[in-house]
Amino acid sequence: MAEPVRCEVADGIAILTLDNPPLNVVFRGLTEALDRALAAIEADASVQAVVVTGAGTRAFCAGSDIAEFQPLMQPGRIGPGKLELQHRVFARLDGLPKPTIAAVNGLAFGGGLEIAVCCDLLVADETARFALPEIKLGVFPGSGGPVRVTRRIGAGRAKEMMFLGEPIDAATALAWGLVNRVARQGSALDAALDIARTLTRRPPLALALCKQAIDLSFDMSEDAAIAAALPLSERVFTSAESKEGVRAFLAKETPRFPNALHFDSKD
């Protein structure tokens, strides 16, 4: 069987493609393949931005493979059989220190939307549709959706998506703040790659620590988050990246930032 997640790296950008035709549904093998791909990206210092997309035009990912559910519908089985692995792997994508962009083509339903919202930015094809339809099966999203979707669009809209289970279109997703940009039909991946190329010209350490500082706002009080971000600011202000950025600004030149992220660097 072909690998259900393909990883291609070029010019500092990793493209992760969910490839389980026809709808790229999530099954255990796809989750394990995503875990392996993310581990490779974490270890590759040349990767500065990551784009996640789905193969074909019908779906980014239409959710979980329902055929996997029946053996897991007994007490104590759904966690070790499915959700614990998905929680760990999706959290790995969410916590990746490199900026991530979901290029959403077609359907992003259920677990597919839960994967997409692990990314920092979402770009949607104008024909894309988004849904958390699990309630129609008598369950609710179990791999981070109630938290990550709610943080993006607020409790009221998240409850509407999860209580009703009905899809929303790309325009509504943009208005609600679920996605960042809507691209014309067939060009979501190209639009995401344009953003990724811009990100490869940004300082990687500053991007990683900026992402970390933003995420602090969800984990603690406002005062505590601001205080916790202070040492991150100290680090970027004393880095080689900031020295180059200031030098280039004063010289009216384009900065030449390093093209790799090294968290152990003390410069």
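Bear in mind that the values here come from a model prediction, so they are computed numbers and not experimental data.

## A word on the overall build of the protein chain
Helix and strand counts for the protein chain stand at ten helices and ten strands. In terms of overall dimensions, the protein chain is globule-like: its C-alpha atoms have a radius of gyration of 19 Å, near the 18 Å expected for 267 residues. Each of the three principal axes of the protein chain carries a C-alpha extent, and together these read 60 × 40 × 35 Å. The 267 residues of the protein chain split such that 44% are buried. Across the protein chain, contacts joining residues at least 24 apart in sequence account for 71% of those joining residues at least 6 apart. For the protein chain, the exposed area adds up to about 13500 Å²; of that, 58% sits on carbon and sulfur atoms. Side-chain charges in the protein chain split into 28 positive and 32 negative, and the spacing between the mean points of these groups amounts to 1 Å.

## As for the sheet that holds strand β6 (residues 107-109)
What the four strands build is an open sheet, ordered β4-β6-β8-β9; its pairing is mixed. Each of the sheet's edge strands pairs with one partner strand only, and the pair in question is β4 (59-61) and β9 (168-169). Where β6 and strand β8 (residues 129-131) come together, three bridges link them in parallel fashion. For Ala108, the partnering residue across the bridge sits in β8 and is Phe130.

## Considering the pairing of strand β7 (residues 121-125)
Of all five residues making up β7, four are buried, and the element is well covered by its neighbours. When strand β5 (residues 100-104) meets β7, the two strands line up parallel, connected through four bridges. Bridging across to β7, Ile101 finds its partner in Leu121. As judged from the three bridges shared by β7 and strand β10 (residues 181-183), these two strands associate in the parallel manner. Bridging across to β10, Ala124 finds its partner in Val182.

## What to know about helix α1 (residues 28-43)
If you check α1, its first and last C-alpha atoms are 23 Å apart, about what 16 residues at 1.5 Å a residue would give, namely 22 Å. For α1, the full list of buried residues reads Gly29, Leu30, Thr31, Ala33, Leu34, Asp35, Ala37, Leu38 and Ile41. Where the residues of α1 are buried, they touch β1 (5-10), β2 (13-18), β3 (49-54) and α2 (78-94).

## Overview of the nonpolar core
Among soluble globular proteins, nonpolar side chains are generally buried collectively. Counting residues in hydrophobic clusters, the biggest one holds 47 residues, and the most contacted among them are Leu16, Phe60, Leu113, Phe130, Val149 and Leu178. Element by element, the count of residues in this core is highest for α1, at six residues. Ala103, Leu193, Ala196 and Leu199 belong to the second-largest nonpolar core, a separate cluster that totals 13 residues.

## Observations regarding helix α9 (residues 222-237)
Each α-helix winds once per 3.6 residues, and so residues spaced three or four apart point in a common direction. For α9, spanning 16 residues, the distance from its first C-alpha to its last is 22 Å, which sits close to the expected 22 Å at 1.5 Å a residue. At Leu230, α9 shows its strongest bend, of approximately 25 degrees, with the proline Pro231 following within four residues. Every buried residue of α9 is accounted for by Ala225, Ala229, Leu232 and Val236. Contacts made by the buried residues of α9 are with α8 (204-216) and α10 (240-250).

## Some points on unusual backbone geometry
For the bond from Pro21 to Pro22, the omega torsion is 5 degrees, close enough to zero to count as cis. Tracing the sequence through the fold places Pro22 in the loop between β2 and α1. Of note, Asp11 is a non-glycine position whose phi angle comes to about 55 degrees, a positive value. By secondary structure assignment, the location of Asp11 is in the loop between β1 and β2. Residue Asp11 is classed as exposed on the basis of its relative accessible area, which comes to 75%. Not every positive phi belongs to a glycine, and Asn24 is a case in point at roughly 55 degrees.

## Observations regarding the sheet that holds β1
Ordered by their spatial adjacency, six strands build an open sheet running β1-β2-β3-β5-β7-β10, and the pairing between neighbours is mixed. Of all strands in the sheet, those with a lone pairing partner are β1 and β10, marking the two edges. Neighbour-to-neighbour, the strand axes of the sheet open up by a mean angle of 20 degrees, direction not taken into account.

Conventions we followed
- Residues numbered from 1 in each chain as written.
- Predicted model: local features only at pLDDT ≥ 70, side-chain atom pairs only at ≥ 80, totals over all residues.
- Heavy atoms only, no water.
- Helix = DSSP H or I, 4+ residues; strand = E, 2+ residues; numbered from the N terminus.
- Rg over C-alpha atoms; globule rule 2.2 N^0.38 Å.
- Buried < 20%, exposed > 50% of the residue type's maximum accessible area, 1.4 Å probe, protein only.
- Contact = heavy atoms within 4.5 Å.
- Areas by Shrake-Rupley, 256 points an atom, 1.4 Å probe, with all protein chains shown as cover.
- Lys, Arg positive; Asp, Glu negative; His and termini not counted.
- Charge placed at Lys NZ, Arg CZ, Asp CG, Glu CD.
- Pairing = 2+ DSSP bridges.
- Expected span 1.5 Å × (residues − 1).
- Core = buried A, V, L, I, M, F, W, Y, C linked by side-chain atoms within 4.5 Å.
- Bend = angle between axes of the 7 residues up to and from the residue.
- Axes fitted to C-alpha atoms, helices over the stretch in contact; angles between N-to-C directions.

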